[in-house]
Amino acid sequence: VMDSPPALEDPAPWLAIGTRLAAAGLHVPAVRAQDLQQGFLLIEDLGSQLYLPALNDATVDALYADALRALLHMQRDVDTAGMQRYTRDFLLRELEIMPEWFLRRHLGHTPTCAEWDVLEAGFTTLLHNALAQPQGFVHRDYHSRNLLIVPHDQPQNIATRLPNPGIIDYQGALIGPITYDLASLLRDCYIAWDRERVEAWADGYRLHLQTAQLIDGSVDRGQFLRWFDLTGLQRHIKVLGIFCRLCYRDGKPGYLDDLPRVYDYVIDVAARYPELADFAALLQRCVGMRDLRQVTAA
């Protein structure tokens, strides 16, 4: 049973996006009954077996194969008519969460005018990358904590839907960069894989996108990996800020435990692109030898 009072968290966006996903054959919780006025829904139970604890070297290829197949269905088959877009202003607002909550609140560093120039130059590069690539359905949180392994003997309300993964937390979906959800999955904030393996998965997915005619056949490995890298970087910069905001504003310090992994993603990717080298160096100076997992007193 979902109890989501409309005045606090309106279930209508969750229901609307879920309807689109279900129509495209994705395994989202089926809605058995609803009372939107009061915010009550009776929904299918997908179980409790999240991807995250099940992922290891022996299982990851098979689990990601299912997740990538489902992602292709999302990007190819979901009806996006009337959905909001990931605009430049929206992307920029997300990036600006990082200086406020990661630099100022967590690290106690207020950027100088010269440092703001570096930050804004980096943001501009990332915005151009996000808006220049093909656009499509974006879940926005397509990662190991929002994907479930659903028992194969579970009754299927739609005979043709994909059995796995079960997909949740899609209410914030938008139209946006074609590589966004791919980066969310393969450069997961909660688990990391070696770069060569990640790039091989990403390049394999590029070929599937080309077969599905979602990207042009002329998009080569180098161009696609740049899209993928910089889109993931935009997301991880946002997450640096969000995890700190969750800690200091919302009283959830556990998110700081994953901050070093996200920071490492940011530095690893940004340092590989000359136009982002100053951006990476600025963050490294601000962080220094700090343990990012430690809460900073107000």
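Located above this text is the structure these notes cover.
Before going into details, it helps to say that this report is about the structure given with it. (Residues numbered from 1 in each chain as written. Predicted model: local features only at pLDDT ≥ 70, side-chain atom pairs only at ≥ 80, totals over all residues. Heavy atoms only, no water.)

## Regarding the packing of helix α6 (residues 97–106) against helix α12 (residues 277–287)
Where α6 contacts α12, the axes come no closer than 11 Å and their chain directions differ by 30 degrees. What the angle tells us is that α6 and α12 run roughly parallel. Along its contact with α6, which presents M98, F102 and L103, the element α12 presents F279, L283, C286 and V287. In the contact of α6 with α12, the residues fall into 7 nonpolar, no polar and no charged. (Axes fitted to C-alpha atoms, helices over the stretch in contact; angles between N-to-C directions. Helix = DSSP H or I, 4+ residues; strand = E, 2+ residues; numbered from the N terminus. Parallel < 35°, antiparallel > 145°, perpendicular 65-115°, else oblique. Contact = heavy atoms within 4.5 Å. Nonpolar A, V, L, I, M, F, W, Y, C, P; charged D, E, K, R; others polar.)

## Section: the layout of surface pockets
Take a probe with the size of a water molecule and roll it over the atoms, and the empty space left behind shows itself. Empty space within the largest pocket amounts to approximately 640 Å³. Elements with a contribution of two residues or more to the lining of the largest pocket: α5 (88–95) and α10 (221–248). Counting residues per element, the lining of the largest pocket draws most heavily on α10, which supplies 7 residues. Its residues assigned to classes, the lining of the largest pocket shows 9 nonpolar, 5 polar and 11 charged. Here the second largest pocket defines a volume of roughly 460 Å³. Together, 18 residues line the second largest pocket, and M2, E9, W14, D169 and Q171 are the ones closest to its centre. (1 Å grid on protein atoms, 1.4 Å probe; cavity = no way out; pocket = protein on both sides within 12 Å on 5 of 7 lines; lining within 4 Å. Points joined across faces, edges and corners; volume = space filled by probe spheres on them.)

## Topic: unusual backbone geometry
Cis geometry marks the peptide bond from N164 to P165; its omega dihedral reads 0 degrees. Positionally, P165 belongs in the loop between β5 (147–148) and β6 (166–167). Positive phi values are uncommon outside glycine, yet D169 reaches one of about 60 degrees. Looking at the element boundaries, D169 is found in the loop between β6 and β7 (174–177). With phi around 60 degrees, Q213 is a residue other than glycine that occupies positive phi space. Tracing the backbone through its elements, the reader meets Q213 in the loop between α9 (195–211) and α10.

## Examining helix α2 (residues 12–23)
Between its terminal C-alpha atoms α2 stretches 17 Å, which fits the 16 Å expected from 12 residues at 1.5 Å a residue. Among all positions in α2, only W14, L15, I17, G18 and L21 are buried. On its buried face, α2 sits against β1 (2–3), β2 (31–35), β3 (40–43), α4 (60–77) and β4 (135–138). With its phi angle positive at about 90 degrees, G25 sits one or two positions after the end of α2. (Expected span 1.5 Å × (residues − 1). Buried < 20%, exposed > 50% of the residue type's maximum accessible area, 1.4 Å probe, protein only.)

Treat this as a map of the structure, not an account of what it does.
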